[in-house]
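As a plain string of letters, each chain reads:
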Amino acid sequence: MVMKTKIFQRAVKVCAGLTASVMMLTSSAFIMRSSAATYNKSVIFNSFPAAVNDGEPIRGVDISSILSIEKAGVVFHDDNGKEEDIFRVLHDHKINYIRVRVWNEPNDGKGHGYGGGNNDVNAACEIGRRAAKYGIKLLVDIQYSDFWADPAKQTRPKYWATHDHYTLSREIYKWTTWVLTAITEAGGDIGMVQVGNETNCFFCGETDMYKICELFASGDKAVRDFDRNILIAHHFANPAKVDHFYWYAKIMNECNLDYDVFATSYYPYWHGTTENLTNVLSTIGNTYNKYVMIAETAYPYTSEDGDGFGNTISKWSTGVNLSYDISVDGQTESLTDAFQAIANCQGRGIGVFYWEPAWLGVSGISQSQQRDNWDRYGSGWASSYASEYDHDVTSAGGSSFDNQALFDFNGYPLDSLDVFTRIYPQKQKPFFPKDLDNDNTITYPTNITVSYSKDYHQVRFTWDKVQGADRYGIAVYLAGKWRIQTQNITNTIYTSPKNLAPGKSYRVAVAARVNGKWDSANAIKNAVTVTIK
């Protein structure tokens, strides 16, 4: 259960173990909160290539829509319920790669975006810059379209529509170079580039696989010429179509394509078993000496809808294989199994990207307001302006994947987001501190004194007054997480309830709210350990 109150500025997240109950220290009594056991299996990549991602498995997410979502008013929270920059939340959950789609000109030329995040080069630059701030690399998914590109649609950009094959090839080279230059100059750390998105014998309007490979080659060369250290991926959908996958890999080999990663989408309700996935990707990886990975995956944690648009997959869906429970545990197991399937690829597997884990509508607003957001900010799958380019668009639409997000409808992280913390090997990542004022003002309690009552098995805490503080709070470290007990103390003393269990030890942090902000980082550094007498 996520606490939905505004609490400490930041608390250190430690992967929680299984626990049957949580003991909560409050100003009046201990409260027992039971929680269901969660699926928390770890995945170890035993033979990970040292040349990839500094020797660490890719723990990735695609949050291409994030800028539009934020503009619409969606906010995100950390594990303690505090509003937080989603990039920090992802960093704190060990995500080390972000995937971002890039469309050429996803707008009508009159200031109206097509939606789906309005993912032009400028959006990719901003996402790359914010990711790099937290040491997160970027997978640039160049779709060579003005809007969605997938197995059913690979529409050329408007201004490429009349190009012959030779001219189109040259434009792909120039466009790829420009995208990489812009993102790098904006501060993004590009680790990988996708040349095309779900290109199942269909790319940029072309359906001949040999001609497609000629176009691929232009994009690949642009990446190599820009930076030979950047990995190049080609991305297909549905590994359940085994013969198709083997044929794609075979033709690309015949055409001598210079690429590194054979990537697939893998949605378990559509794309077969993980055993088949491992077998197909291992075969391709070993046959053609390529790395393999999942570029997209997702699974629902609920069948409810958060923005009034309806869900792609729910318990009412037909013709799909819902092999996991539709629950947070089921979602957790699905994502864990996806990582395990890639880890089993005989040293060829390099990681997994979860697709749009934060694609939410604004909670608590009317349907007309949601629709206005989709048109105004492009925060849904399409705005009404996209109809000029995509004739399947009849009106603005929202997110059909909000029930597959890794955050609930109010932007609080689900336990399934913790999967990324259990993918190994992991290297120690640098800590990125908050931007603090450059003065020497003390914003946390000091000189904490602890006294005990053996008769009543009680603890009393006192501390020095913090200048400017209007509230104090108490947190206790339980079951691998800092749990907030109270935030409404107005003096500098706190007494626990009576009859606590003798011999039980706790770590306790005392924080202060100064100018509306909680300095939990220093509070935790100065936490005290108490043992009940």
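Residues numbered from 1 in each chain as written. Predicted model: local features only at pLDDT ≥ 70, side-chain atom pairs only at ≥ 80, totals over all residues. Heavy atoms only, no water.

1. Examining unusual backbone geometry
For the record, the criterion: By the criteria applied, helices consist of DSSP H or I runs no shorter than four residues and strands consist of E runs no shorter than two, each listed in order from the N terminus. The classification of residues rests on relative accessible area computed with a 1.4 Å probe and restricted to protein chains. Under 20% of the type maximum is buried, over 50% is exposed, and intermediate values are partly exposed.
The step from Tyr424 to Pro425 runs through a cis peptide bond, and the omega angle for that step is 5°. With respect to the helices and strands, the residue Pro425 is situated in the loop between strand 12 (423-424) and strand 13 (449-453). With a phi close to 50°, Glu198 is a non-glycine residue in the positive phi region. Along the chain, Glu198 turns up in the loop between strand 7 (190-195) and helix 5 (209-226). Looking at Glu198, the relative accessible area reads 10%, which means it is buried. Look at Glu356: it is not a glycine, yet its phi comes out positive at around 45°.

2. Side note on the environment of Ala501
You can see Ala501 is positioned in the loop between strand 17 (493-495) and strand 18 (505-514). Look at Ala501 and you get partly exposed, because its relative accessible area is 38%.

3. Comments concerning the confidence of the model for the protein chain
For clarity, the cut-off: Confidence scores per residue from the predictor, reported as pLDDT, run from 0 to 100. By definition, residues are in contact when any of their heavy atoms lie within 4.5 Å.
Per-residue pLDDT for the protein chain has a mean of 89; in total, 91% of the residues score no lower than 70. pLDDT under 50 marks residues 1-37. Its contacts with residues more than four places away, or in other chains, come to 113 contacts.

4. What to know about the packing of helix 3 (residues 121-133) against helix 4 (residues 165-185)
Short version of the rule: Every angle, taken between N-to-C directions, lies between 0 and 180 degrees, and every axis is a line fitted to C-alpha atoms, over only the stretch in contact when it is a helix. Crossing handedness is defined as follows: a turn of the near helix away from the far one that is anticlockwise and smaller than a right angle gives a left-handed crossing, while the clockwise case is right-handed. Amino acids outside the nonpolar list (Ala, Val, Leu, Ile, Met, Phe, Trp, Tyr, Cys, Pro) and the charged list (Asp, Glu, Lys, Arg) are all regarded as polar, and Gly is one of them.
Direction vectors running N to C along helix 3 and helix 4 enclose 35°, while the axes themselves pass 9 Å from each other. Crossing of helix 3 over helix 4 shows right-handed handedness. Residues Val121, Ala124 and Cys125 of helix 3 form the contact with helix 4, whose participating residues are Trp175, Trp178, Val179, Ala182 and Ile183. Partitioned by chemical class, the residues of the contact of helix 3 with helix 4 number eight nonpolar, no polar and no charged.

5. Here we look at the sheet that holds strand 13
For clarity, the threshold we go by: Two strands pair if DSSP finds at least two bridges between them.
Across the sheet, three strands lie side by side as 13-14-17; this open sheet has antiparallel pairing. In the strand order of this sheet, the two ends are held by strand 13 and strand 17, each with one partner. Across the sheet, the mean angle separating the axes of adjacent strands is 15° when strand polarity is ignored. Judged from the three bridges that link them, strand 14 (residues 458-462) and strand 17 form a sheet pairing that is antiparallel. Bridge assignment links Phe461 to a residue of strand 17, and that residue is Tyr494.

6. A look at the packing of aromatic side chains
To keep things clear, this is the line we draw: Only the six-membered ring of Trp is used, alongside the rings of Phe and Tyr, when aromatic pairs are assigned; centres must lie within 6.5 Å, and planes under 30 degrees apart are stacked while those over 60 apart are edge-to-face, with the rest tilted.
This model, assessed by the stated rule, comprises 33 aromatic pairs. Look at Phe245 and Phe262: their rings are 5.5 Å apart centre to centre, the planes differ by 65°, and that puts the pair in the edge-to-face class. With Phe245 in helix 6 (residues 242-254) and Phe262 in strand 9 (residues 261-265), this pair connects stretches of sequence that are 17 residues apart. Ring geometry for Trp355 against Phe401: centres 4.9 Å apart, planes inclined by 75°, an arrangement best described as edge-to-face. Placement of Trp355 in strand 11 (residues 349-355) and of Phe401 in the loop between helix 9 (367-377) and strand 12 is noted, with a sequence separation of 46 residues between them.

7. What to know about the state of the cysteines
Note the threshold: Sulfur atoms of two cysteines make up a disulfide when they are within 2.5 Å.
Throughout the structure, instances matching the rule amount to zero disulfides. Free cysteine Cys201: the closest other cysteine sulfur is in Cys213, separated by 9.0 Å. With no disulfide of its own, Cys255 has Cys213 as its nearest cysteine by sulfur position, at a separation of 3.9 Å. Given a relative accessible area of 26%, Cys255 falls into the partly exposed group.

8. Remarks on the side chain of Thr199
As for its position among the elements, Thr199 is in the loop between strand 7 and helix 5. Accessibility expressed as a relative area gives 0% for Thr199, which makes it buried. When sequence neighbours within four positions are dropped, the list of residues in contact with Thr199 reads Gln154, Phe216, His235 and Phe236.

9. Examining helix 8 (residues 328-343)
Let me state the cut-off plainly: The length a helix should cover is 1.5 Å for every residue beyond the first.
In this model, helix 8 (16 residues) spans 22 Å end to end at C-alpha, consistent with the 22 Å of a helix rising 1.5 Å per residue. Here helix 8 lies mainly inside the structure; 13 of its 16 residues are buried.

10. Describing the nonpolar core
For soluble globular proteins, nonpolar side chains are generally found buried alongside one another. Selection rule: Throughout this description, the term nonpolar core refers to a set of buried Ala, Val, Leu, Ile, Met, Phe, Trp, Tyr and Cys residues connected via side-chain atoms within 4.5 Å.
By size, the foremost hydrophobic cluster in this structure holds 118 residues, and its most contacted members are Ile98, Met192 and Phe262. At seven residues, the largest contribution of residues to this core is made by helix 4. Excluding residues within four positions of it along the chain, Phe262 makes contact with His234, Phe236, Phe245, Tyr248, Ala249, Met252, Leu281, Ile284, Tyr291, Val292 and Met293. Of all hydrophobic cores here, the second largest spans 21 residues; its members include Ile448, Ala469, Ile474 and Val508.

11. Remarks on the sheet that holds strand 7
In spatial order, the strands read 4-5-6-7-8-9-10-11; together these eight strands close into a barrel with parallel pairing. Taken over all neighbouring pairs, the strand axes of this sheet differ in orientation by 25° on average, direction set aside. The sheet contact formed by strand 8 (residues 231-237) and strand 9 spans five bridges and is parallel. When the sheet's bridge partners are listed, His235 is paired in strand 9 with Ala263.

12. Concerning helix 7 (residues 274-288)
An α-helix turns once per 3.6 residues; consequently, residues spaced three or four apart project the same way. The terminal C-alpha atoms of helix 7 lie 21 Å apart, and with 15 residues this matches the ideal 21 Å at 1.5 Å per residue to within 8%. Along helix 7, the residues that are buried comprise Thr274, Leu277, Thr278, Val280, Leu281, Ser282, Ile284 and Gly285. Residues of helix 7 that are buried make contact with helix 6, strand 9, strand 10 (291-296) and helix 8. In the stretch just after helix 7, Asn289 is the one whose phi turns positive, near 55°.

13. As for the packing of helix 4 against helix 5
Going by this rule: Here roughly perpendicular refers to angles of 65 to 115 degrees, roughly parallel to angles under 35, roughly antiparallel to angles over 145, and oblique to all remaining angles.
At a minimum axis distance of 9 Å, the contact between helix 4 and helix 5 shows a crossing angle of 30°. One way to sum up the angle between helix 4 and helix 5 is to call them roughly parallel. Note on packing geometry: the crossing formed by helix 4 with helix 5 is right-handed. Note on element contacts: helix 5 touches helix 4 through Lys211, Glu214, Leu215, Ser218, Gly219, Lys221, Ala222, Val223, Asp225 and Phe226, opposite His165, Leu168, Ser169, Ile172, Tyr173, Thr176, Thr177, Leu180, Thr181 and Thr184. Considering only residue class, the contact of helix 4 with helix 5 consists of eight nonpolar, eight polar and four charged.

14. A short note on the environment of Gly503
By the secondary structure assignment, Gly503 is in the loop between strand 17 and strand 18. Gly503 gets classed as exposed once you look at its relative accessible area, which sits at 54%. Once you skip the residues sitting within four places of it in the chain, Gly503 turns out to touch Thr531 and Ile532.

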